[in-house]
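Notes for the structure review
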Amino acid sequence: MMGHQCLRTVRTNGFVATIERATGDVVVKLPKQRGQELIDSGVGRSFAPAGKVFREWVSVPDIDEPTWATLLEESIEFVDGSS
């Protein structure tokens, strides 16, 4: 996925998350509205490799295992439900 190693769901084999090599941020696929909530609250930021914003992908910079776990669960539900 975009040249990054990634996590995929077991059920649909859809892309769920990756780690941004340059920053170490976890990057998750979420519904656009949920991603925007995370950006607006300061928890996340737009994922824009090479300057192109990926609207369903959010970069989460702070290492916070409970937050990351919750977002990964949300991502799996979104990816499996949207395929």
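Refer to the structure above for everything that follows.
What counts and how
- Residues numbered from 1 in each chain as written.
- Predicted model: local features only at pLDDT ≥ 70, side-chain atom pairs only at ≥ 80, totals over all residues.
- Heavy atoms only, no water.
- Buried < 20%, exposed > 50% of the residue type's maximum accessible area, 1.4 Å probe, protein only.
- Helix = DSSP H or I, 4+ residues; strand = E, 2+ residues; numbered from the N terminus.
- Pairing = 2+ DSSP bridges.
- Phe/Tyr/Trp six-rings, centres within 6.5 Å; stacked < 30°, edge-to-face > 60°.
- Lys NZ or Arg CZ within 6 Å of the ring centre and 35° of its normal.
- Salt bridge = Lys/Arg side-chain N within 4 Å of Asp/Glu carboxyl O.

As for the pairing of strand S5 (residues 57–60)
The alternating pattern of S5 places Trp-57 and Ser-59 on one face and Val-58 and Val-60 on the opposite face, and all of these are buried. As paired elements, strand S3 (residues 26–29) and S5 share four bridges and run antiparallel to each other. Paired with Val-26 across the two strands is Val-60, which belongs to S5. Pairing geometry for strand S4 (residues 45–46) and S5, over two bridges, is antiparallel. If you follow Ser-46 over to S5, its bridge partner there is Val-58.

Regarding the sheet that holds strand S2 (residues 15–19)
Pairing is antiparallel across the open sheet formed by five strands, whose spatial order is S1-S2-S3-S5-S4. Unpaired on one side and paired on the other, strand S1 (6–8) and S4 mark the two borders of the sheet. Bridge count for S1 against S2 is three bridges, and the pairing is antiparallel. Bridge pairing in S2 links Arg-8 to Phe-15.

Here we look at the packing of aromatic side chains
Using the criterion set out here, one finds one aromatic pair in the structure. Aromatic pair Phe-47 and Phe-54: ring centres 5.9 Å apart, planes at 45 degrees, arrangement tilted. Exposure remark for Phe-47: the relative accessible area of 1% places this residue in the buried category. For Lys-52, the ring lying beneath its charged end belongs to Phe-54, and the centroid distance is 5.3 Å.

Observations concerning the pattern of salt bridges
A full pass over the atoms with the stated rule returns five salt bridges. The residue Glu-37 makes a salt bridge to Arg-34 at a minimum N-O spacing of 3.5 Å. Taken together, the residues Glu-37 and Arg-34, both in helix H1 (residues 32–41) and three residues apart, mark about one turn of the helix. Under the relative-accessibility criterion, Arg-34 is labelled partly exposed at 25%. Via salt bridges that share partners, Arg-34, Glu-37 and Glu-74 belong to a single interconnected network.

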